[in-house]
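Breakdown of the fold
One letter stands for each residue in the lines below.
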Amino acid sequence: MKLLIEIGTEELPAIPLLKELPNITKKWEKILQEYHLESEFKFFYTPRRLVFIHENFKEKQDDSFVEFIGAPRAIAYKDGKLAQAGISFLEKSGLKEEELEFKEIKGKEVLYCQKQVQGLQSKAVLAQMIEAFLKSLSFGKTMRWGDGRFEFIRAIRSLCCILNDELIEFESYGVKSAKSTFVHRSASYDLIAFANIDEYFKTLEQNYIILDQEQRKKLIIEQLKTLEKENDITIAEDDELLAEVVAITEYPKALLGHFEKEYLEIPSEVIITSMRENQRYFAVFKNNTLSNHFIVVSNAVCEDYSKIINGNERVLRARLSDAMFFWKNDLAQGLNNDKISQMVYLEGLGTLKDKIIREQKIATKLCEVFANTQKNEILKAIEYSKADLSTQMVYEFTDLQGIMGSYYAKAMGMSDELALAIKEQYLPNGDNSAMPSNEFSSIVALAYKFDTLMGLFSMGKIPSGTKDPYALRRAANGVLKIILALNKNFDLKIFLEAIASEYKSFDLKILLDFILERLYTFYEVNVSFVKAVLSSKTYDIIYINSCIKALIQSANRADFSQNFATFKRLANIAVSSEAQVNENLFNTQEEKDLYQAFMQCKTKENNTQELLESLFALKPQIDAFFDKVMINDKDENIKNNRQALVCAIYREFLKIADIKELSV
């Protein structure tokens, strides 16, 4: 049986729709499972509709079984008579007393009943399914209509559910289901009726609705390529913007507009941000330079698109005129720290000026750790790093903080390196973000992130669950990525302790663990590898990274499982002992051979990979030692010495990872 479900709405906002999009099909699948009507389907969306198509929908639910488990025999019966627990089971299961049965479950005899439930006709439950699905969707903010009785992301204006061309009649959200749909407004503002599912698709197609979002995306991309070829231009690739444009159009048409060249005096980031964020325009480049053109994807249907282009040009011209005013005004003012002295950073952490002072102290420590000789310039970069927050341009375009500061810094005659550090102070700011370009910028970025983490944690603003309003997980990821990119030894524990005096006292271990836990997402490997290295209580980020990579490389060897088994046995036998091994107490060749081979390992301590490989190479000697030597010798001194040997090898491995935490 063929099933069509359409939920018609007023225009859905693109970003909330796209955020919920990955969950929509999963939630419908869950509804299908709950109602025992699993079947394959296709999902389509436009700005004004959510649509499910099932080519082979079940006529009725699958039959199912329901289990009833009751009280143990001793509680179900008292003095040979049915007790209250037994009576309650009868009521719940619908059985008669003579039909009662017991079944052994988890070692106890309990009342038990299994009943077959006949599946209902699909058309009897579809209305419930659709309403349950709609209520399961989460778009963030919702709107109310119908005297406040109904609530959804946007008002629902039509409902259609057709099973094998039969309309499933129901009412939900104040709307009665019908064989009708809204088409493109260029064709009609009224509901258009259709007779069956095939006619539904024809109705949409004839009235300028491209239902399949992938078809709309493909069409837009083709149109963009045509415009590039016809005008010898390059259109900026922007997957996020493309997804938004697909979500807000039903019949897309890509158009080329332009603006006055004088506006190209404004930094390109401002122009691109204004076009992208405010108007959803694609930026255009010519000869690798931003052009005075833009691409708008219209949803209109007409023969002459010139009026649409002109209208969009007027809107953009007004925005760029404002941006030009901000740009010139900010240039005249220059970067000024006076205003940020009055701008509160966070209650309990003072103003932005206070934050800058803390960042400068952190940067001073970082310069010592990295032996960087540019301290004075770095401190100057931090001094001006937040000044652009008081400019008109950043007030209007908040995403350009740092970027605008770099432009203004250059205009004031500051060095390119200093200006670049101001621009890159927030990097990396996402999973696929660029990194700071050099060590100078990296120290400025680290100072910002360390102060943010220390400050927020000292105020108890610690992320919990999925909530992270201050993006502290992103800051911690950034700290690790920068340090790994610099590839200079950095003991995180020692550094946090060194800067802790600038903040309200708190348990530094909480922050230390929080930062290091981010490493679990850095490697495509069994998480126990990362856990094993972190369990070794090493806090140098570069060394931790080398240990994890060494383990990963060793794990790719064919003999890793055998090596792992031997060392796991050794780790389990090792007892806590700081006793030194005494060669004079050896009385078997196996322990002598093991000790000699082990001493060769210790010469590899400066190279993690070589040390690990040499330790694993001890497998034959360790196996021989376990096979031929009795550790618990009658002589207490010999026994302790053998334990000390095993423990020494385990401690050496512990410099890389705690093998007890490894699972293969």
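The structure we're discussing is the one just above.
Residues numbered from 1 in each chain as written. Predicted model: local features only at pLDDT ≥ 70, side-chain atom pairs only at ≥ 80, totals over all residues. Heavy atoms only, no water.

Our focus in this paragraph is the nonpolar core. For soluble globular proteins, the rule of thumb is that nonpolar side chains tend to be buried together. Ranked by internal contacts, the top residues of the largest apolar core, which has 130 residues, are Leu366, Phe450 and Leu453. Looking at which element gives the most residues to this core, the answer is helix α15 (residues 439–458), with 11 residues. Here Leu366 is in contact with Ile443, Leu446, Ala447, Phe450, Phe490 and Phe495, once residues within four sequence places are set aside. Residues Leu3, Ala14, Met129 and Phe282 belong to the second largest nonpolar core, which totals 54 residues. (Core = buried A, V, L, I, M, F, W, Y, C linked by side-chain atoms within 4.5 Å. Buried < 20%, exposed > 50% of the residue type's maximum accessible area, 1.4 Å probe, protein only. Helix = DSSP H or I, 4+ residues; strand = E, 2+ residues; numbered from the N terminus. Contact = heavy atoms within 4.5 Å.)

A few words now on the layout of surface pockets. Using a probe with the size of a water molecule, rolled over the atoms, empty space left in the structure can be pinpointed. Here the largest pocket is characterised by a volume of approximately 1,500 Å³. Around the largest pocket, the lining comprises 36 residues; the ones closest to its centre are Asp399, Tyr426, Leu427, Asn429 and Arg474. When contributions to the lining of the largest pocket are tallied by element, the ones reaching two or more residues are α8 (268–279), α10 (352–369), α15 and α16 (472–486). When residues in the lining of the largest pocket are grouped by element, the largest group, five residues, is from α8. (1 Å grid on protein atoms, 1.4 Å probe; cavity = no way out; pocket = protein on both sides within 12 Å on 5 of 7 lines; lining within 4 Å. Points joined across faces, edges and corners; volume = space filled by probe spheres on them.)

Its place among the elements puts Glu277 in helix α8. Taking the relative accessible area as the measure of exposure, Glu277 reaches 45% and is therefore partly exposed. For the pair formed by Glu277 and Val297, sequence separation is 20 residues and the distance between their alpha carbons is 14 Å. A polar contact of 2.9 Å, which involves the side chain of Glu277, links it to the side chain of Arg276. (Polar contact = N/O pair within 3.5 Å; in protein donor to acceptor, adjacent residues only side chain to side chain.)

With that settled, the discussion passes to the sheet that holds strand β7 (residues 101–105). Spatially, the three strands line up as an open sheet ordered β4-β8-β7, and their pairing is antiparallel. The open sheet has two edge strands with one neighbour each: β4 (64–72) and β7. Put simply, the sheet's adjacent strands are angled 45° from each other on average, direction ignored. Where β7 and strand β8 (residues 108–117) come together, five bridges link them in antiparallel fashion. Bridge pairing links Ile105 to Lys108 in β8. Lying over the sheet, helix α3 (residues 84–93) contacts β4 and β8, oriented at roughly 170° with respect to β4. (Pairing = 2+ DSSP bridges. Axes fitted to C-alpha atoms, helices over the stretch in contact; angles between N-to-C directions.)

Attention shifts here to the sheet that holds strand β17 (residues 234–235). Strands sit in the order β17-β19-β20-β18 across an open sheet of four strands; the sheet is antiparallel. Because the sheet does not close on itself, it has two edges, and the strands there are β17 and β18 (253–258). Against the sheet, helix α6 (residues 213–231) makes contact with β17, β18, β19 (282–286) and β20 (289–298), and its axis sits at roughly 35° relative to β18, the strand it touches most.

Okay, the packing of helix α11 (residues 375–384) against helix α14 (residues 416–423) next. Running from amino to carboxyl end, α11 crosses α14 at an angle of 45°, the nearest separation of the two axes being 9 Å. Put simply, α11 runs oblique to α14. Classified by chirality, the crossing of α14 by α11 is right-handed. Taking contact as the criterion, the partners of Glu377, Lys380, Ala381 and Tyr384 in α11 are, on α14, Leu418, Ala421 and Ile422. Among the residues making up the contact of α11 with α14, the classes are represented as five nonpolar, no polar and two charged. (Parallel < 35°, antiparallel > 145°, perpendicular 65-115°, else oblique. Left-handed = near helix turned anticlockwise from the far one by under 90°. Nonpolar A, V, L, I, M, F, W, Y, C, P; charged D, E, K, R; others polar.)

Inspection of the sheet shows β17 paired to β19 by two bridges, in the antiparallel sense. Of the residues in β19, the one forming a bridge with Ile235 is Val284. In this sheet, β20 lies alongside β19 in antiparallel orientation, the contact comprising four bridges. Bridge assignment links Phe282 to a residue of β20, and that residue is Ile295. Counted between consecutive antiparallel strands, the loop separating β19 from β20 contains two residues, among which Asn287 sits at a positive phi close to 55°.

For any two helices packed against each other, one specifies the crossing angle of their axes together with the interaxial distance. For the pair α16 and helix α20 (residues 541–555), interaxial distance at closest approach is 9 Å and the crossing angle is 80°. Between α16 and α20, the angle falls in the class roughly perpendicular. When α16 is examined against α20, the residues Leu480, Ile483 and Leu484 are found in contact with a partner set consisting of Ile541, Ile542 and Asn545. Residues of the contact of α16 with α20, tallied by class, amount to five nonpolar, one polar and no charged.

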